[in-house]
Amino acid sequence: SVGAVRSCPPGSTPNKPGPRNQARPPTGYVAMAFDRASARIVLLGRRGESGPTETWTFDVCTNVWTRMHPEEQPDHQAFGMLAYDAAANRTIFFSEETGRVWAYDLAADKWTESAKAAKVEGPVRLLYDPVSGDVVVLRLWMPLLMLGYDARTDGWQPIVQDRYPFGEDGRLHILLAYDASVDRLVGYRLGVVRLFDIRAGTWSSPGSPSPRFWYGGYFSTGGEIAYDEASQRTILFSAGIVIAYDAAADRWQTLYGKPTDDPLGGCA
């Protein structure tokens, strides 16, 4: 299980827009994760290049943004990712610039910095593995490196990989999500899909050809992919198209838009 989700209280209106003129978080380089215990999205970002870091939450039951005011918080520059850790009931932030980890307790409105930084340089992908209870960090620079972080013990452990699953070119475009239906990581890079078995440490290649579409701008952020528990599919978004991958059936479906090879199409 990836953790229980709190139900919306009676009288909630999750399908109605929130207040039109409500205060909103910064846009641009932000990181987000869904806190399942509170049914709120946690967002970390800053306004412009020199603005202070801001922590916000979004209540999916009322569609209302709230500015949080923790005493301390990570120095979120342009690079970093969030992942919700169900075992620790914390939202984890990993800084690509320092290798530092911060854990956010939404109920207490408190960020706590880890005492142990990871020796990981360069861009990463971040996700939660519900079987081990660890947050998985995949470095995209060579040599490829994967680590597991246990927020309950503040400990790191290597995750062995049998090979590098993608070609050298475009590795910064790698998207990664955990698929609970098959207990695999789904990796996607410019039309190439690989599945990773964390328990065995092996990458495999599905037989079904996958759609190829570009990510506009420079690189993907990692936020263009998510696992949909309701449909048990991995959802990808880019350049105006939304596609779904059913790993159990090895089947793709276009949900919205049309595939494009336009490199300027834009990304999420």
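Heads up: the structure comes first, above all this text.
Residues numbered from 1 in each chain as written. Predicted model: local features only at pLDDT ≥ 70, side-chain atom pairs only at ≥ 80, totals over all residues. Heavy atoms only, no water.

S.K.: Would you explain the side chain of Asp35 in this entry?
M.R.: With respect to the helices, strands and loops of the structure, Asp35 is situated in strand S1 (residues 30-35). Buried and unpaired, Asp35 has Arg40 as its nearest opposite-charge partner, separated by 7.1 Å. Within the structure, the side chain of Asp35 is placed 3.1 Å from the backbone nitrogen of Ser38, a separation counted as a polar contact. The residues touching Asp35, leaving out its near neighbours within four places in the chain, are Arg40, Val42, Tyr84, Asn89, Thr91 and Leu106. (Helix = DSSP H or I, 4+ residues; strand = E, 2+ residues; numbered from the N terminus. Buried < 20%, exposed > 50% of the residue type's maximum accessible area, 1.4 Å probe, protein only. Lys, Arg positive; Asp, Glu negative; His and termini not counted. Salt bridge = Lys/Arg side-chain N within 4 Å of Asp/Glu carboxyl O. Polar contact = N/O pair within 3.5 Å; in protein donor to acceptor, adjacent residues only side chain to side chain. Contact = heavy atoms within 4.5 Å.)

S.K.: Explain the packing of aromatic side chains to me, please; I cannot follow it from the model alone.
M.R.: Aromatic rings in a pair are described by how distant their centres are and how their planes are angled relative to each other. A complete count under the given rule lists eight aromatic pairs for this structure. Summarising the aromatic geometry, the rings of Phe58 and Trp65 are spaced 4.8 Å apart at their centres and angled 50 degrees between planes, so their arrangement reads as tilted. Assigned by exposure class, Phe58 and Trp65 land together as buried. Relative to Trp252, the ring of Tyr188 lies with its centre 6.0 Å away and its plane at 65 degrees, an arrangement referred to as edge-to-face. Pair noted here: Tyr188 is in strand S14 (residues 184-189) and Trp252 is in strand S20 (residues 251-256), with a separation of 64 residues, a long-range link. With respect to class, Tyr188 is no different from Trp252; both count as buried. Grouping aromatic residues by their ring pairs yields a cluster made of Phe94, Tyr149 and Trp156. (Phe/Tyr/Trp six-rings, centres within 6.5 Å; stacked < 30°, edge-to-face > 60°.)

S.K.: Just checking my understanding: could you explain the state of the cysteines for this structure?
M.R.: Defined simply, a disulfide is a covalent bond joining two cysteines at their sulfur atoms. Summed over the entire model, instances satisfying the criterion amount to one disulfide. Here Cys8 engages in a disulfide with Cys61; their sulfurs sit 2.0 Å apart. Between Cys8 and Cys61 the disulfide shows an S-S torsion of about -90 degrees. By sign, it is left-handed. Here Cys61 lies in the loop between strand S3 (53-59) and strand S4 (64-67) and Cys8 lies in the segment before S1, a separation of 53 residues in the sequence. (Disulfide = S-S within 2.5 Å.)

S.K.: Looking at this structure, I do not really get the sheet that holds strand S10 (residues 134-139). What am I missing?
M.R.: Strands belonging to one sheet form pairs held by backbone hydrogen bonds; the direction of such a pair is parallel or antiparallel. With antiparallel pairing, four strands are arranged side by side in an open sheet as S9-S10-S11-S12. The open sheet has two free edges, formed respectively by strand S9 (124-129) and strand S12 (155-158), since each of these has just one partner strand. Ignoring strand direction, the axes of neighbouring strands in this sheet form an average angle of 25 degrees. (Pairing = 2+ DSSP bridges. Axes fitted to C-alpha atoms, helices over the stretch in contact; angles between N-to-C directions.)

S.K.: What exactly am I supposed to notice about the pairing of S3 here?
M.R.: Two faces, one strand: in a regular strand the side chains alternate between the faces of the sheet. In terms of burial, S3 is largely enclosed, as seven of its seven residues are buried. By the alternation rule, side chains of S3 split into Thr53, Thr55, Thr57 and Asp59 and Glu54, Trp56 and Phe58, which are all buried. Pairing of strand S2 (residues 40-46) with S3 involves seven bridges; the strand directions are antiparallel. Residue pairing for S3: Ile41 is matched across the bridge by Phe58. In textbook terms, the turn of a hairpin is the stretch between consecutive antiparallel strands, and for S2 and S3 this stretch comprises six residues, one of which, Gly48, has a positive phi near 75 degrees. In this structure, S3 lies alongside S4, joined through four bridges in antiparallel fashion. Paired with Trp56 across the bridge in S4 is Arg67. Turn length for the S3-S4 hairpin, with the two strands adjacent in sequence and antiparallel, is four residues, and the turn residue Asn63 shows positive phi of about 60 degrees.

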